[in-house]
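Breakdown of the fold
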Amino acid sequence: ACSAGEICDAIPQVFVELRDTSGLLAKLLEDERKRTICSMLSIILLVKNRYSDFVAPQSTGRQLSVQKWQEWQDFARWVDISDEHLHAALVFLAIRGLGKVKSFGKALP
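Computed from a predicted model, the values in this text were never measured in an experiment.

What follows deals with the environment of Ser3. Position of Ser3 relative to the elements: it lies in the segment before α1 (4-14). Counting along the chain gives 47 residues from Ser3 to Arg50, while the straight-line C-alpha distance between them is 10.0 Å.

Pasting the structure below:
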């Protein structure tokens, strides 16, 4: 399995809008780009049940509890997220930030 860091590095390669030098969000909204990658990583870690990776950047004492994680896992199993649904959620997160780029919105009909 890939590490969380490797997943973060791979996300902009798949979603070109998030590339750090040529992506639209990188050029206009770097903070939004970082938030988007973090959101995408969180969804991937949730779906793949990677609790340790999910809480690793959280400070001790403020980490998501195992009990809450299990509740999210129960929800994820109930939803039965397919690869297609996961991809759709990642696409949504990738393009959601584009709506915050005023020049992009003005360029649309």
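Back to the write-up after that little detour.
For the rest of this paragraph, the subject is the nonpolar core. Ranked by size, the top nonpolar core spans 14 residues in total, and within it Ile7, Ile11, Phe15, Leu18, Met40 and Leu90 carry the most contacts. Elements supplying a minimum of two residues to this core: α1, α3 (30-47) and α6 (83-96). It is α3 that contributes the most residues to this core, 5 residues altogether. Those residues in contact with Ile11 that sit more than four places away from it in its chain are Leu18, Ile37, Met40, Leu41 and Ile44.

What follows concerns the pattern of salt bridges. For the structure on display, the rule yields 3 salt bridges. A salt bridge links Arg50 to Asp53; the shortest N-O distance between them is 2.6 Å. Residue classification places Arg50 among the buried residues on the basis of a relative accessible area of 18%. For Asp53, a relative accessible area of 26% corresponds to the partly exposed category. The shortest N-O distance in the salt bridge between Glu71 and Lys68 comes to 3.4 Å.

Cut-offs used in this document
Residues numbered from 1 in each chain as written. Predicted model: local features only at pLDDT ≥ 70, side-chain atom pairs only at ≥ 80, totals over all residues. Heavy atoms only, no water. Helix = DSSP H or I, 4+ residues; strand = E, 2+ residues; numbered from the N terminus. Core = buried A, V, L, I, M, F, W, Y, C linked by side-chain atoms within 4.5 Å. Buried < 20%, exposed > 50% of the residue type's maximum accessible area, 1.4 Å probe, protein only. Contact = heavy atoms within 4.5 Å. Salt bridge = Lys/Arg side-chain N within 4 Å of Asp/Glu carboxyl O.

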